[in-house]
Amino acid sequence: MKTLNRWLVTAGLVLGAAPVLAAGAHDHGHEHAQAHVHGAVQLEVALDGPTLSIALEAPLDSILGFERAPRTASEKQAAQDALTALRGNALFAPDAAAGCVFKSATADSEALQPGAKVGEHADLDATAEFTCAKPEQLRRIDLSGLMTRFKRIQRLQAQVVTPQGQFKQTLKRPAQTLTWGR
Ligand SMILES: [Zn+2]
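The residue numbers shown here count from 1 along each chain, following its written sequence. With pLDDT at 70 or above as the cut-off, local features in this predicted model cover only qualifying residues; side-chain atom pairs require 80 or more to be listed or tallied, and sums for whole chains, interfaces and linings still use all residues. Hydrogens and waters are ignored; side-chain quantities use all the structure's heavy atoms.

Taking an unreviewed UniProt entry as the reference, the protein chain is identified by name as DUF2796 domain-containing protein belonging to Sphaerotilus montanus.

Attention shifts here to the overall build of the protein chain. In terms of regular secondary structure, the protein chain is built from 4 helices and 9 strands. Secondary structure elements in the protein chain, listed N-terminal to C-terminal, are α-β-β-α-α-β-β-β-β-α-β-β-β. The classification of residues rests on relative accessible area computed with a 1.4 Å probe and restricted to protein chains. Under 20% of the type maximum is buried, over 50% is exposed, and intermediate values are partly exposed. For the protein chain, buried positions account for 40% of its 182 residues. Considering only intrachain contacts with a sequence separation of at least 6, the fraction spanning at least 24 residues in the protein chain is 62%. Going along the chain from the N terminus, every DSSP run of H or I of four or more residues is numbered as a helix, and every run of E of two or more is numbered as a strand. Any two residues having at least one pair of non-hydrogen atoms within 4.5 Å are treated as being in contact.

Atoms are scored as donors when they are N, O or S and lie within 2.8 Å of the metal, with 3.2 Å used for Na, K and Ca; no water is included, so coordination may look incomplete. Around the zinc ion, the protein contributes the donor atoms His 36 (NE2), His 38 (NE2), Glu 67 (OE), Glu 67 (OE) and His 121 (ND1), at 1.8 to 2.6 Å from the metal centre. Mapped onto the sequence, the residues coordinating the zinc ion show the spacing H-x1-H-x28-E-x53-H. With a gap of 83 residues between them, His 38 in the loop between helix 1 (2-15) and strand 1 (40-48) and His 121 in the loop between strand 4 (100-108) and strand 5 (123-132) connect regions that are remote in the sequence. Relative accessible area serves as the criterion here: at 14%, His 121 is assigned to the buried category.

Attention now goes to the sheet that holds strand 2 (residues 51-59). Sheets are built from strands that pair by backbone hydrogen bonding, the pairs being arranged parallel or antiparallel. Between any two strands, at least two bridges found by DSSP are needed for them to pair. Read across the open sheet, the 6 strands follow the order 4-5-2-1-7-8; overall the sheet is mixed. With one partner strand each, in any of the chains shown, strand 4 and strand 8 (165-172) form the two edges of the open sheet. Pairs of neighbouring strands in the sheet enclose a mean axial angle of 15°, with direction left out of account. Judged from the 7 bridges that link them, strand 1 and strand 7 (residues 155-162) form a sheet pairing that is parallel. In the strand pairing of strand 7, Ala 46 is matched with Val 161. Axes here refer to lines fitted to C-alpha atoms; in helices the fit is confined to the stretch in contact. Angles between the N-to-C directions go from 0 to 180 degrees. Against the sheet, helix 3 (residues 73-86) contacts strand 2, strand 4 and strand 5, and its axis sits at roughly 150° relative to strand 4.

Quick look at the nonpolar core now. If you look at the biggest cluster of nonpolar residues, it comprises 42 residues, and the most contacted ones within it are Leu 43 and Phe 92. For this core, the secondary-structure elements that each account for two or more residues are strand 1, strand 2, helix 2 (60-64), helix 3, strand 4, strand 5, helix 4 (144-149) and strand 7. What we call a nonpolar core is a set of buried Ala, Val, Leu, Ile, Met, Phe, Trp, Tyr and Cys residues that are connected through their side-chain atoms within 4.5 Å.

Pro 174 follows Arg 173 through a cis peptide bond whose omega is 10°. Here Pro 174 is to be found in the loop between strand 8 and strand 9 (177-179).

This part takes up helix 3. The span you would expect from a helix comes to 1.5 Å times its residue count less one. Counted at 1.5 Å a residue, the expected span for helix 3 with its 14 residues is 20 Å, and the 20 Å between its end C-alpha atoms agrees. Inspection of helix 3 places Glu 75, Ala 79, Ala 82, Leu 83, Ala 85 and Leu 86 among the buried residues, and these make up the whole buried set. Angularly, the buried residues of helix 3 cover 160° about the axis, an arc narrow enough to put them on a single face. Of the exposed residues in helix 3, the ones pointing more than 90 degrees away from its buried face are Ala 73 and Ser 74. Starting at the helix axis, one direction is taken to each C-beta atom, and the arc is that of these directions.

Secondary-structure assignment places Thr 170 in strand 8. The partly exposed category is assigned to Thr 170, whose relative accessible area is 44%. With near-sequence residues (within four places) excluded, Thr 170 lies in contact with Arg 155, Leu 156 and Gln 157.

Okay, the pattern of salt bridges next. The salt bridge criterion pairs a side-chain nitrogen of Lys or Arg with a carboxyl oxygen of Asp or Glu, the two atoms within 4 Å. Under the defined criterion, the tally for this structure stands at 4 salt bridges. Among the salt bridges present, the one from Asp 61 reaches Arg 152, with a minimum N-O distance of 3.4 Å. Separated by 91 residues along the polypeptide, Asp 61 in helix 2 and Arg 152 in the loop between helix 4 and strand 7 bring together distant segments of the chain. For Asp 61, a relative accessible area of 11% puts it in the buried group. Ionic pairing is found between Glu 75 and Arg 68, a salt bridge with its closest N-O pair at 2.8 Å. Of the residues examined, Glu 75 reaches a relative accessible area of 16% and is grouped as buried. Here Arg 68 falls in the partly exposed class, since its relative accessible area comes to 22%.

Here it is, written out as structure tokens:
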């Protein structure tokens, strides 16, 4: 089972989706690594040479409190503010020992596109990339920025792939530091 899980982790990262794991998930129009559960987000962390890549997939509800296009001015503002925060550098803080420098970040949700048609559920995808001077020193990422900014996130399921190995971890509030390899 352990071997299978590892294979699935690798396959998920390589192919960008692991349909095998989608059993039990509702249909949201695209494949998910895990079921869509409000309050629970998925985090994929990959270290490749000096490049640290973080990919977040969250139910839009966990980010905004609603799962559709924003209607009111305040909802529109909240959506814009959330995207701005996710595209910034205040959410993920890699281990200082690794000397990681923020490079770029993206955030988008189909539901927030103009004229979007949203079904029962909607997700938001975000990425962040860092370049690390000492990637071999990276053993933790402080997620307090993320957890503080987005209070509806209750649980975070993380997959970490580094040259030292692959790790799976589930964080539940109030925990907010992802650690591995110790
Ligand atoms: Zn939903």
